[in-house]
Amino acid sequence: RLQVSDKGKDLPWLSPSHPENRALEIRSIEELVRKYPVDGIHLDYIRYPGPTACYSAATRKAFEGAIGSSVRQWPKDVLPGGALMQRYRRWRAELITEHVGNIRRAVKAIRPEVQVSAAVFGKYPDCVSGVGQDWGVWLARGYVDFVCPMDYTENPVQFQNWLSAQTLLPNAAGHIVAGIGVTASESQLGPDRVVEQIIAAQSAGTAGFILFDLDTTLEREILPIIRLGTENSR
């Protein structure tokens, strides 16, 4: 039930191609929604770890079932340079998309007011092939109430470029909450830079912003200051 790398190594990730793993996640979410007064279900790591996964026996079985034929050389035929690589990566992304849709249906069947959201890679559509995360389709189909693109960068131009592309996606209006990397591994921002990115997110017409992550730096050095800057921008 674990994912397997292209080198045959077990990875500490459950494989989405295994039906029991998908069912377990949905049952867990249903339990949360039934038993606890949650406002939302936020999906993180709803993707593959990278382009080198998953190549497990369960994944091979599922993929062969989807295409209706056997893969002669596994995983060689679905790796870069293989005849089935593009087809495999599309299928991988479609599998995640279908799972997100099933999660939404399960949540809304119990409590329609509960929001379903997801943390997603900001560089779209590159993440479709890279990690199997086709979140533009999730938005277009209404599978999520909003997404939080992880737009973690110290470069203000890059941040604005990502936002511009994201907000132009079908059904993106009102459903993009910009992720700002205050203390992320990719970016460390002071209060002035955080305010700058908040203003950029507001100007781009996003539904809001989210700051990553809540540590002592954000709590003590950033939050007490940024309100002044964002209030003055309105």
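Residues numbered from 1 in each chain as written. Predicted model: local features only at pLDDT ≥ 70, side-chain atom pairs only at ≥ 80, totals over all residues. Heavy atoms only, no water.

A. Broad picture of the nonpolar core. Counting residues in hydrophobic clusters, the biggest one holds 41 residues, and the most contacted among them are Leu 43, Phe 63, Val 100, Val 107, Trp 135 and Trp 138. Of all the secondary-structure elements, those providing two or more residues to this core are helix H1 (19-35), strand S3 (40-43), helix H2 (57-67), helix H3 (85-110), strand S4 (115-121), helix H4 (126-131) and helix H5 (135-141). With eight residues, the single largest contributor to this core is H3. Core analysis: the second largest hydrophobic core is formed by 15 residues, Ala 178, Ile 180, Val 194 and Leu 211 among them. (Core = buried A, V, L, I, M, F, W, Y, C linked by side-chain atoms within 4.5 Å. Buried < 20%, exposed > 50% of the residue type's maximum accessible area, 1.4 Å probe, protein only. Helix = DSSP H or I, 4+ residues; strand = E, 2+ residues; numbered from the N terminus.)

B. The arrangement of the packing of aromatic side chains in detail. In the structure shown here, the tally under the stated rule is ten aromatic pairs. Between the aromatic rings of Trp 13 and Tyr 45, the centroid separation amounts to 5.6 Å while the plane-to-plane angle is 70°, which identifies the pairing as edge-to-face. A residue pair is termed long-range when its members are at least 10 positions apart, and Trp 13 in strand S2 (residues 10-14) and Tyr 45 in the loop between S3 and H2 qualify at 32 residues. Taking 5.8 Å as the distance between ring centres and 35° as the angle between the ring planes, the aromatic pair formed by Tyr 88 and Trp 91 counts as tilted. Linking Tyr 88 with Trp 91, this pair stays in helix H3, spanning three residues, or about one helical turn. On the accessibility criterion, Trp 91 (11% relative accessible area) is buried. What links up through ring pairs into an aromatic cluster is the set Tyr 55, Phe 63, Trp 74, Tyr 88 and Trp 91. (Phe/Tyr/Trp six-rings, centres within 6.5 Å; stacked < 30°, edge-to-face > 60°.)

C. Highlighting the packing of H1 against H3. Running from amino to carboxyl end, H1 crosses H3 at an angle of 25°, the nearest separation of the two axes being 10 Å. The orientation of H1 relative to H3 falls into the category roughly parallel. As H1 packs across H3, the resulting crossing turns out to be right-handed. Contact with H1, carried on its side by Arg 22, Glu 25, Ile 26, Ile 29, Glu 30, Val 33 and Arg 34, involves Leu 95, His 99, Asn 102, Ile 103, Ala 106, Val 107 and Ile 110 of H3 and no other residues of that element. Residues that form the contact of H1 with H3 fall into these classes: eight nonpolar, two polar and four charged. (Axes fitted to C-alpha atoms, helices over the stretch in contact; angles between N-to-C directions. Parallel < 35°, antiparallel > 145°, perpendicular 65-115°, else oblique. Left-handed = near helix turned anticlockwise from the far one by under 90°. Contact = heavy atoms within 4.5 Å. Nonpolar A, V, L, I, M, F, W, Y, C, P; charged D, E, K, R; others polar.)

D. Spotlight on the pattern of salt bridges. For the coordinates displayed, the defined rule picks out eight salt bridges. Salt bridges sharing common partners tie together Arg 104, Lys 108 and Asp 145. (Salt bridge = Lys/Arg side-chain N within 4 Å of Asp/Glu carboxyl O.)

E. Structural context of the pairing of S4. Among the seven residues that make up S4, five are buried, leaving the element largely enclosed by the rest of the structure. Two strands pair when backbone bridges link them, and S3 and S4 are joined in this way by four bridges, in the parallel orientation. Looking at the pairing, Leu 43 lines up with Ala 118 of S4. Relative to strand S5 (residues 146-150), S4 runs parallel, the two sharing five bridges. Residue pairing for S5: Val 120 is matched across the bridge by Pro 149. (Pairing = 2+ DSSP bridges.)

F. Broad picture of the packing of H2 against H3. Where H2 contacts H3, the axes come no closer than 11 Å and their chain directions differ by 100°. What the angle tells us is that H2 and H3 run roughly perpendicular. Across from Thr 59, Ala 62, Phe 63, Ala 66 and Ile 67 in H2, the residues of H3 making contact are Arg 87, Tyr 88 and Trp 91. Grouping the amino acids of the contact of H2 with H3 by side-chain chemistry returns six nonpolar, one polar and one charged.

G. View of unusual backbone geometry. In this structure, Pro 125 follows Tyr 124 across a cis peptide bond, with omega equal to 15°. Inspection of the secondary structure puts Pro 125 in the loop between S4 and H4. The phi dihedral of Tyr 45 is positive, around 55°, even though this residue is not glycine. On the basis of relative accessibility, which here comes to 51%, the residue Tyr 45 falls in the exposed class. Its identity is not glycine, yet Asn 171 carries a phi of approximately 65°, on the positive side.

H. A look at the side chain of Ser 117. The residue Ser 117 is located in strand S4 in this model. Setting aside chain neighbours within four positions, we find Ser 117 in contact with Ile 41, His 42, Leu 43 and Phe 146.

I. The pairing of S2, seen in detail. As paired elements, strand S1 (residues 2-4) and S2 share two bridges and run antiparallel to each other. Paired with Val 4 across the two strands is Asp 10, which belongs to S2. Between S1 and S2, which pair antiparallel and follow one another directly, the connecting turn spans five residues, one of which, Gly 8, has a positive phi of 85°.

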